[in-house]
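# Geometric and topological summary
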Amino acid sequence: MVSSLKTPIEIGKLNLDELNERFASAHPREILAWCVENIPTGFVQTSAFNVDDMVITDILYRDLKPATPVPVIFLDTLYHFPQTLELVKKSQEVYNLDLRTYKTPDVNTREEFAAKYGEALWDKDILQFHQITKIEPLNRGLAELNTVAWITGRRRDQAPTRAEMPVLEIDNQNRLKVNPVAYWTRKETWPYAFEHGVIYNPLHDQGYPSIGDEPITTKVAEGEDERAGRWRGTGKTECGIHI
């Protein structure tokens, strides 16, 4: 079990250039161990329960085991695949997750969402759909958890918008944003998952390397970009929570 320092770091005083140079070739475990040691409170993982997210969760919960478990934020858009929701449930059982689910207020089903915001809002206004289902709930969750630093499962090779992404960065609310698998590729992620028995979404074995909302996620053909199945035909590469 990783212990924490009595005096947490001050995010504003971090030398990010120095740390990013230090972590440029570091294993995600080393990066996460540093975070757990130096950020004893206000450290949060955001997870869509894709395989990279699951690897991070496995390192945090089965390997590092900090004295205070790292809360895991899941954004329930109401439009996830059934397989994703089943994995969320299974992950709670396997890891005893400190799971924090956030969703659009005052709607609990797809039918209620459509009645309030219109049918297939993603087709009419994808930006509004993501603002309602992801951006607002995430910002609310991070604020309620008094977040100092938050983890993502993003990798540099996933999309052109992520090609220059550092391991550590500061978000627009002056919180530390930690990307522990930034320098990994699928060639590192999947062997780690198999070696350590990390549970993952079965849709990954069915042509979905990146899994989002069911109505706007399609299979990816051989040779296509890993995230080509997300928002296909819209020109989008991000939902907005990382911009």
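It should be noted that the structure appears before, not after, this text.
Our subject in this report is the structure included herewith. In this text the structure is predicted, and so the values were computed from the model without any measurement. (Residues numbered from 1 in each chain as written. Predicted model: local features only at pLDDT ≥ 70, side-chain atom pairs only at ≥ 80, totals over all residues. Heavy atoms only, no water.)

Following both chains from N to C, one finds helix H2 (residues 28-38) and helix H3 (residues 51-64) inclined at 65°, their axes separated by 10 Å at the closest point. Of the two elements, H2 crosses H3, and the hand of that crossing is right-handed. When H2 is examined against H3, the residues Pro28, Arg29, Leu32, Ala33 and Val36 are found in contact with a partner set consisting of Ile56, Ile59, Leu60, Asp63 and Leu64. Classifying every residue of the contact of H2 with H3 gives eight nonpolar, no polar and two charged. (Axes fitted to C-alpha atoms, helices over the stretch in contact; angles between N-to-C directions. Helix = DSSP H or I, 4+ residues; strand = E, 2+ residues; numbered from the N terminus. Left-handed = near helix turned anticlockwise from the far one by under 90°. Contact = heavy atoms within 4.5 Å. Nonpolar A, V, L, I, M, F, W, Y, C, P; charged D, E, K, R; others polar.)

Moving on, we come to the nonpolar core. One recurring pattern in soluble globular proteins: nonpolar side chains tend to sit buried together. The biggest cluster of nonpolar side chains holds 46 residues, and the ones touching the most others in it are Phe43, Phe49, Leu60, Leu168 and Leu176. Secondary structure elements with two or more residues in this core: helix H1 (16-22), H2, H3, strand S2 (72-75), helix H4 (82-95), strand S4 (149-151), strand S6 (176-178) and helix H8 (186-195). In terms of residues, this core owes the most to one element, H3, which gives eight residues. Excluding its chain neighbours within four sequence positions, the residues that come into contact with leucine 60 are Leu32, Val36, Gln45, Lys65, Pro66, Val70 and Ile151. With 10 residues, the next largest nonpolar core counts Val107, Ile126, Phe129 and Ile216 among its residues. (Core = buried A, V, L, I, M, F, W, Y, C linked by side-chain atoms within 4.5 Å. Buried < 20%, exposed > 50% of the residue type's maximum accessible area, 1.4 Å probe, protein only.)

For the pair H3 and H4, interaxial distance at closest approach is 11 Å and the crossing angle is 20°. Between H3 and H4, the interaxial angle falls into the category roughly parallel. Note that H3 runs across H4; the crossing there is right-handed. Where H3 abuts H4, its residues Met54, Thr57, Asp58, Tyr61 and Arg62 lie against Leu87, Ser91, Val94 and Tyr95. Residue composition of the contact of H3 with H4, by class: five nonpolar, two polar and two charged. (Parallel < 35°, antiparallel > 145°, perpendicular 65-115°, else oblique.)

Moving on, we get to the pattern of salt bridges. The final tally for this structure, using the stated rule, is 10 salt bridges. Residue aspartate 52 is joined to arginine 155 by a salt bridge in which the shortest nitrogen-to-oxygen separation is 2.8 Å. Of this pair, aspartate 52 sits in helix H3 while arginine 155 sits in the loop between S4 and strand S5 (168-170), and the two are 103 residues apart along the sequence. Grouping residues by exposure puts aspartate 52 and arginine 155 together as buried. (Salt bridge = Lys/Arg side-chain N within 4 Å of Asp/Glu carboxyl O.)

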